[in-house]
Structures are given as structure tokens and as C-alpha cells.
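Listed below are the residues making up each chain.
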Amino acid sequence: MEKKLTDKQTKIVTILKESDKPMTLAEIGAVLGEPVKSGTTNTLVTRKIIKIVGERTIVCPACGAKHKVKEYTAE
């Protein structure tokens, strides 16, 4: 028996399906209106509902440090 998606996971999948480009967790969170942690998306990736399609380097606006973040799309 397959587990149902939570309300937040369902919204994340919808956001990614409606996007015309890959999105980072921060971008998904901005559309969703609440922070998205990797644990939420890891479950969706494992279940092959969404996929990681690349990485993007971002610069932290507060400290200027560079970070690599993953980009996600819906399957």
C-alpha cells in the first residue's frame, strides 16, 4: 500500500508541474509561502515523483558566501 502525499508535498509537486524551469528549495518555498526543507523533497525524489535535474551556485545575500543548491522538477 502506497503512502499518500502530505498537503505540503502535494503543493510542492503542483508548483513544480506549473513551473517552466527547474526550481530550488528557496524558490519553491517563496511560491508556497513557507520554508521547504530537503527532508520533504527527499521523500518525493525517492518515490520518483520529482527529480533533481542539476545544481546552481547561489551567493548568500547576508554574508556573501557561495553555496551549491539542487534544482528540482516534477517527473
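Residues numbered from 1 in each chain as written. Predicted model: local features only at pLDDT ≥ 70, side-chain atom pairs only at ≥ 80, totals over all residues. Heavy atoms only, no water.

A.B. asks: Explain the overall build of the protein here, please?
C.D. replies: Across its full length, the protein holds three helices and two strands. Moving toward the C terminus, one meets the helices and strands of the protein in the order α-α-α-β-β. Projected onto the principal axes, the alpha-carbon positions of the protein cover approximately 45 × 25 × 25 Å. Per-residue burial for the protein yields a buried fraction of 27% across its 75 residues. Put simply, of all contacts in the protein between residues at least 6 apart along the chain, 48% involve residues at least 24 apart. Within the structure as shown, the protein displays about 5300 Å² of accessible surface, and the carbon and sulfur contribution to it stands at 54%. Here the protein contributes 14 positively and 9 negatively charged side chains, and the mean placements of these two sets differ by 5 Å. (Helix = DSSP H or I, 4+ residues; strand = E, 2+ residues; numbered from the N terminus. Buried < 20%, exposed > 50% of the residue type's maximum accessible area, 1.4 Å probe, protein only. Contact = heavy atoms within 4.5 Å. Areas by Shrake-Rupley, 256 points an atom, 1.4 Å probe, with all protein chains shown as cover. Lys, Arg positive; Asp, Glu negative; His and termini not counted. Charge placed at Lys NZ, Arg CZ, Asp CG, Glu CD.)

A.B. asks: Whenever I open this one, the environment of Glu75 confuses me. Can you help?
C.D. replies: Counting through the fold element by element, Glu75 comes out in the segment after β2 (66-74). The sequence separation of Glu75 and Glu27 amounts to 48 residues, and the corresponding C-alpha distance is 18 Å. Non-local contacts of Glu75, meaning those with residues more than four positions away in its chain, are made with Lys48, Ile49, Ile50 and Lys51.

A.B. asks: How do you make sense of the pattern of salt bridges when you look at a structure like this?
C.D. replies: Oppositely charged side chains may form a pair once their charged atoms are brought near each other. This structure, assessed with the given rule, holds six salt bridges. Across the pair Glu34 and Lys8 runs a salt bridge whose closest N-O atoms are separated by 3.3 Å. One end of the pair, Glu34, is in the loop between α2 (25-32) and α3 (38-46); the other, Lys8, is in helix α1 (residues 7-18), with 26 residues separating them in the sequence. Glu71 is the partner of Arg56 in a salt bridge, and the nearest nitrogen-oxygen pair spans 2.7 Å. Highlighted residues: Arg56 in strand β1 (residues 50-59) and Glu71 in strand β2, separated in sequence by 15 residues. Through salt bridges with shared partners, one network takes in Lys21, Glu27, Arg56 and Glu71. (Salt bridge = Lys/Arg side-chain N within 4 Å of Asp/Glu carboxyl O.)

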